[in-house]
Structure formats: C-alpha cells, structure tokens
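Commentary on secondary and tertiary structure
Residues per chain are reported as follows:
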Amino acid sequence: MVFRRVSRSLRRACVALPLAAALLVPTGAAGDEQPVPEHLFGSAIRTMPTQEKVVALTFNAAWNEEGLDTVLSVLREQKAAATFFLTGDFADRLPEATRRIAAAGHGIGNHSHTHPHFGALTPAGRAAEVNAAEEALRAASGTEPLPFFRFPYGDTTPAQIAEVNGLGYADIEWTTDTNGYLGPAGGMTVDKVVDRALAALTPGEIIQMHVGQGTGQGPVLDAEALPEIIDAVRARGYAIVDLRTLLTAPAQQRDADLPMPWALTAAGLR
C-alpha cells in the first residue's frame, strides 16, 4: 500500500513512503504530521468508509468565533472528538481561538485561505489558497494541520479534487449539513438542526456544522444544538469518532464489514 505525506513547506510535494509508514498512527495531538493513504484520494469523502455505527462531528470556521466556547465545552464534557476546518483568514484574525481548538486536542483541517468559489480561480490560484491557509493554520495553532481539505461552499469538481490531492490533501466533505449557520433569520431552529443531523444518520456519517453565524447576529444554533445531537446519536447506538482515524484505516475496509481502528474516540481531548 502506498501512502503520501504532506510536506511542511509551501512546495507541498506528495512523497511516496515505504510500507512501514502504514504503522504510523495519529496521536491525540491535533496536527502531528501524518501519512495519507492512497485510497483517500480520487474523490470527495462524504461518509467514512465503514459499516460500523459511527459518526464524525466537523465544524467549519470562517466568520467569527461566536459559539466556540460552547462547542469546546460541550465536546470536553461529552468526551467527543471533532475536526475543525478553518480558513487561513480566520486563523490570522483569531489566532487565540485557533490555539484553543488545537490545545483541546481536536484536529484542524484546511478550508482555504479566503473562502472563495474555487471554480472562479485558476489552478495556480487554487493552490495559492490552499498553501496560504496551511501556513496560517500552522502559525496560529502551533501544530501541523491535518492533511484534510474541505472546499468552500462544497464547490468541487473531479479536476479540482485531483489538484488538492496533488498538494497532499484528502478532500473531506460531509454527509449532511445541519444548516444551523442560517440562523433563525434563515428559518432554522435548534430542533431543525438536530433533525437534519439525525435524518442522515448512517454508518460513517460526517456531520457539518459551523462555528459562528454568517450574519454575525443571533444565536449560534449549531453550538446550542450540539448536546442534543451527541445525545441523540448515542441513544441510537452510534459512537462519536475522530476523523483522524481515516489515516490508519486499511484500504480493504472501504468495502468490507470489518472493524476500524476508532482508537481516537476520546483520546487526547482536553
């Protein structure tokens, strides 16, 4: 099996590693440099490749840090892991918030630098967005960001995914978006946020939520709904797991009903 490791420099090279790299496992610290299994390349990851009843929580952050204290507190109390996809601009403007996410033990993924529509950019422009975000996230968090990229607006094409893979990132999207970021002005409520998360419940579900609220006004519904989402998911027999375990899951588990190494469910969370 061939793996790729993300470079620490802007040159972002995909480096073939020996088979021994398969023995590397993610630690509890957000950002330890990790190999990327080849089977995570070639398409968008919208569900985790497993038949086990597990769910991953993810949060995008581009606007502001409203709701972050609540989210981190709930995750700590519930001993639940999450992955935060931050823009480089968020990290530049809010380095303390970025450090708190990393210090809590959660993974930090790349959500571009300025959150543009990638289809409107050239390949060079898209690469610049990814690389600038990487540097900003590393500087603000004090850790090596995960080799996970999430496209702004979910604006993906096969060619753009191939570009991101070429930079060393797996494209991690979502099974469902709670739409909590729309807020009450957009017709959303806490109950509707929870309902959207549960309506898509399936083995390997990836739930997308947001830190902050797009308008900067009103409650952060995803933060308010998070305790109910976690309780409801667990009540239905599902476990909350860490996306970093994707980096250790063998390729053959994509299509087989085999146990996956969900060792990071609560490890390293502070």
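Now for a quick tour of the structure. Quantities reported herein were computed from a predicted structural model and do not represent experimental measurements.

**A short note on the overall build of the protein**
A count of helices and strands for the protein gives seven helices and 11 strands. Counting over 270 residues, the protein shows a buried share of 55%. Of the contacts formed within the protein by residues at least 6 apart in sequence, a portion of 76% connects residues at least 24 apart. Only carbon and sulfur atoms are counted for the fraction: they give 56% of the accessible area of the protein, which is about 10,400 Å².

**Some details on the side chain of Ser112**
Relative to the assigned elements, Ser112 resides in the loop between β6 (107-110) and α4 (123-141). For Ser112, the side chain forms a polar contact with the main-chain nitrogen of His115, separated by 3.0 Å. Setting aside residues up to four positions removed in sequence, Ser112 forms contacts with Leu86, Thr87, Gly88, Phe118, Glu129, Ala133, Phe149 and Pro152.

**Remarks on the layout of surface pockets**
When its volume is computed, the largest pocket comes out at roughly 280 Å³. In this structure, the largest pocket is lined by 16 residues; those nearest its centre are Trp63, His111, His115, Tyr153 and His210. Looking at the lining of the largest pocket residue by residue, the class counts come to eight nonpolar, seven polar and one charged.

**Thoughts on the pattern of salt bridges**
Across all of its chains, the model carries nine salt bridges by this definition. With a closest N to O distance of 2.7 Å, Glu163 and Arg126 form a salt bridge. Here Glu163 is found in helix α5 (residues 158-166), whereas its partner Arg126 is found in helix α4, with 37 residues between them in sequence. Residue class for Glu163 comes out partly exposed when judged on its relative accessible area of 25%. Residue classification places Arg126 among the buried positions, given a relative accessible area of 9%. Put simply, Glu134 and Arg138 hold a salt bridge, and the shortest N to O gap is 2.9 Å. Taken together, the residues span about one helical turn, with Glu134 and Arg138 both in helix α4 at a distance of four residues. Looking at Arg138, the relative accessible area reads 17%, which means it is buried. Salt bridges sharing common partners tie together Glu65, Asp69, Glu96 and Arg100.

**Things to note about the packing of helix α1 (residues 68-78) against helix α3 (residues 95-103)**
Helices that pack against each other are described as a pair by the angle of their axes relative to one another and the distance between those axes. Taken N-terminus to C-terminus, the directions of α1 and α3 make an angle of 5°; their axes are 11 Å apart at the nearest point. Looking at the two axes, α1 sits roughly parallel to α3. Mapping the contact onto sequence places Leu68, Asp69 and Leu72 in α1 and Ala97, Arg100 and Ile101 in α3. Considering only residue class, the contact of α1 with α3 consists of four nonpolar, no polar and two charged.

**A closer look at helix α7 (residues 221-235)**
Its 15 residues give α7 an end-to-end C-alpha distance of 21 Å, which sits within 8% of 21 Å, the value for a rise of 1.5 Å per residue. In the structure, α7 departs most strongly from a straight axis at Pro227, where the bend amounts to approximately 35°. Within the sequence span of α7, burial applies to Leu221, Asp222, Ala223, Ala225, Leu226, Ile229, Ile230, Ala232 and Val233. On its buried face, α7 sits against β4 (54-61), α1, α6 (190-199), β10 (205-210) and β11 (239-241). Gly237 occupies a position one or two residues after α7 and carries a positive phi of about 85°.

**A few points about the side chain of Asn179**
Assignment of secondary structure puts Asn179 in the loop between β9 (176-177) and α6. With relative accessibility at 17%, the residue Asn179 sits in the buried group.

**So, the packing of aromatic side chains**
This structure, assessed with the given rule, holds six aromatic pairs. With a centroid separation of 5.3 Å and 20° between ring planes, the pair formed by Phe59 and Phe84 is classed as stacked. On the criterion of sequence distance, the pair formed by Phe59 in strand β4 and Phe84 in strand β5 (residues 82-86) is long-range, its members being 25 residues apart. Neither Phe59 nor Phe84 differs from the other in exposure class; each is buried. Plain terms: the ring middles of Trp63 and Tyr181 are 6.1 Å apart, the flat faces sit at 35° to each other, and that makes the pair tilted.

Basis of the calculations
Residues numbered from 1 in each chain as written. Predicted model: local features only at pLDDT ≥ 70, side-chain atom pairs only at ≥ 80, totals over all residues. Heavy atoms only, no water. Helix = DSSP H or I, 4+ residues; strand = E, 2+ residues; numbered from the N terminus. Buried < 20%, exposed > 50% of the residue type's maximum accessible area, 1.4 Å probe, protein only. Contact = heavy atoms within 4.5 Å. Areas by Shrake-Rupley, 256 points an atom, 1.4 Å probe, with all protein chains shown as cover. Polar contact = N/O pair within 3.5 Å; in protein donor to acceptor, adjacent residues only side chain to side chain. 1 Å grid on protein atoms, 1.4 Å probe; cavity = no way out; pocket = protein on both sides within 12 Å on 5 of 7 lines; lining within 4 Å. Points joined across faces, edges and corners; volume = space filled by probe spheres on them. Nonpolar A, V, L, I, M, F, W, Y, C, P; charged D, E, K, R; others polar. Salt bridge = Lys/Arg side-chain N within 4 Å of Asp/Glu carboxyl O. Axes fitted to C-alpha atoms, helices over the stretch in contact; angles between N-to-C directions. Parallel < 35°, antiparallel > 145°, perpendicular 65-115°, else oblique. Expected span 1.5 Å × (residues − 1). Bend = angle between axes of the 7 residues up to and from the residue. Phe/Tyr/Trp six-rings, centres within 6.5 Å; stacked < 30°, edge-to-face > 60°.

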